[in-house]
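# Working through the structure, step by step
In case you want the letters, here they are:
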Amino acid sequence: MNETRYLQIRHWDYWWSAHGFAAPAESAEFSITKDETGKDFYFHLDLDTIPALKRLCVPGEFLEEDDPSYPIFLQKAEALCRGELDFFVGWLYYRYYAPDISVCNQFQERGNDIFQVKSLPQSPYYAVIFIREEQALSPERLLQWMDRLSWPLFRQKFTWKVAQVPTREDSWKSYQEERRHG
């Protein structure tokens, strides 16, 4: 039986989208934890769909045009949009190190898991992943993508669950509060 991992959605705007109060979610930022309460951290991900990627291809949105990784980012983005890739890693974050995109994607070419892209002496804790998806990232679609990404990223299959899902009413209250004070 697969171990369970929990997605802890980090921002209310995702739930506003999921409950129909805001535009459909083209991105999701979440922590992956080993427990439903969110205390036992495993990894952190930003998943971005093709519509989000297209907005981020503008110089200065994700990378500056003079960044050495920018041409690689554009090549990966074009390949994703053409259907040649299912996903690519846009960035990996380490506590005290940030590699360029070519280093971020080496694990795939070598058949390793994402934890092997190391900054001596540590593994990454956070990744920005661009996925070949045109549809909004509903909770169901998010779980489908995590199932697809589980093996290529972590070299392990997990059972995925979204934890701490707010009610529609709580989302509405948060949305109204943000509109009043945001």
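Our structure is the block above this text.
Let me begin by describing the structure that accompanies this report. (Residues numbered from 1 in each chain as written. Predicted model: local features only at pLDDT ≥ 70, side-chain atom pairs only at ≥ 80, totals over all residues. Heavy atoms only, no water.)

### Some details on helix α6 (residues 139-154)
The periodicity of an α-helix, 3.6 residues per turn, causes residues three or four positions apart to be oriented the same way. The sharpest bend along α6 measures roughly 35 degrees and falls at R148, with the proline P152 sitting one to four residues further on. Looking only at α6, the buried set comprises P139, L142, W145, M146, L149, S150, L153 and F154. Two residues or fewer past α6, R155 is found with a positive phi of approximately 55 degrees. (Bend = angle between axes of the 7 residues up to and from the residue. Helix = DSSP H or I, 4+ residues; strand = E, 2+ residues; numbered from the N terminus. Buried < 20%, exposed > 50% of the residue type's maximum accessible area, 1.4 Å probe, protein only.)

### Focus: the pattern of salt bridges
As enumerated under the stated definition, the model contains 10 salt bridges in all. Its salt-bridge partner being E29, residue R10 comes within 3.5 Å of it at the nearest N-O pair. Within this pair, whereas R10 is found in the loop between β1 (3-9) and α1 (12-18), its partner E29 is found in strand β2 (residues 27-33), the two being separated by 19 residues in sequence. What makes R10 partly exposed here is its relative accessible area of 45%. Between K173 and E169 there is a salt bridge, with the nearest N and O atoms lying 3.2 Å from each other. You can see K173 and its partner E169 sitting in helix α7 (residues 168-181), 4 residues apart, about one turn around the helix. The structure contains a network of salt bridges with shared partners spanning D86, R132 and R148. (Salt bridge = Lys/Arg side-chain N within 4 Å of Asp/Glu carboxyl O.)

### Structural notes on the nonpolar core
Ranked by internal contacts, the top residues of the largest apolar core, which has 34 residues, are F30, I32, L47, I114, I129 and F154. Those elements that provide at least two residues to this core are β1, α1, β2, β3 (41-48), β4 (87-93), β5 (126-131), α6 and β6 (158-162). Top element by residues in this core is α6. It accounts for 6 residues. When near neighbours in sequence (up to four residues on either side) are disregarded, L47 contacts E26, S27, A28, F30, I129, I131, L137, L142, W145, M146 and L149. Of all hydrophobic cores here, the second largest spans 15 residues; its members include L63, A77, I101 and Y126. (Core = buried A, V, L, I, M, F, W, Y, C linked by side-chain atoms within 4.5 Å. Contact = heavy atoms within 4.5 Å.)

### Focus on the layout of surface pockets
Here the largest pocket is characterised by a volume of approximately 290 Å³. Lining the largest pocket are 15 residues; nearest its centre among them are D13, Y14, S27, A28 and E29. In terms of residue class, the lining of the largest pocket is made up of 7 nonpolar, 3 polar and 5 charged. (1 Å grid on protein atoms, 1.4 Å probe; cavity = no way out; pocket = protein on both sides within 12 Å on 5 of 7 lines; lining within 4 Å. Points joined across faces, edges and corners; volume = space filled by probe spheres on them. Nonpolar A, V, L, I, M, F, W, Y, C, P; charged D, E, K, R; others polar.)

### A look at the sheet that holds β5
Spatially, β4-β5-β3-β2-β1-β6 is the arrangement adopted by the 6 strands of the open sheet, whose pairing is mixed. Of all strands in the sheet, those with a lone pairing partner are β4 and β6, marking the two edges. Across this sheet, the average inter-strand angle for adjacent strands is 30 degrees, counted without regard to direction. By the bridge criterion, 5 bridges tie β3 to β5 in an arrangement that is parallel. Paired with L47 across the strands is I129, a residue of β5. Along the sheet, helix α3 (residues 70-81) contacts β4 and β5; its crossing angle with β4, the most-contacted strand, is approximately 145 degrees. Most of the contacts of α6 go to β6, to which it runs at about 150 degrees, and overall it touches β1, β2, β3, β4, β5 and β6. (Pairing = 2+ DSSP bridges. Axes fitted to C-alpha atoms, helices over the stretch in contact; angles between N-to-C directions.)

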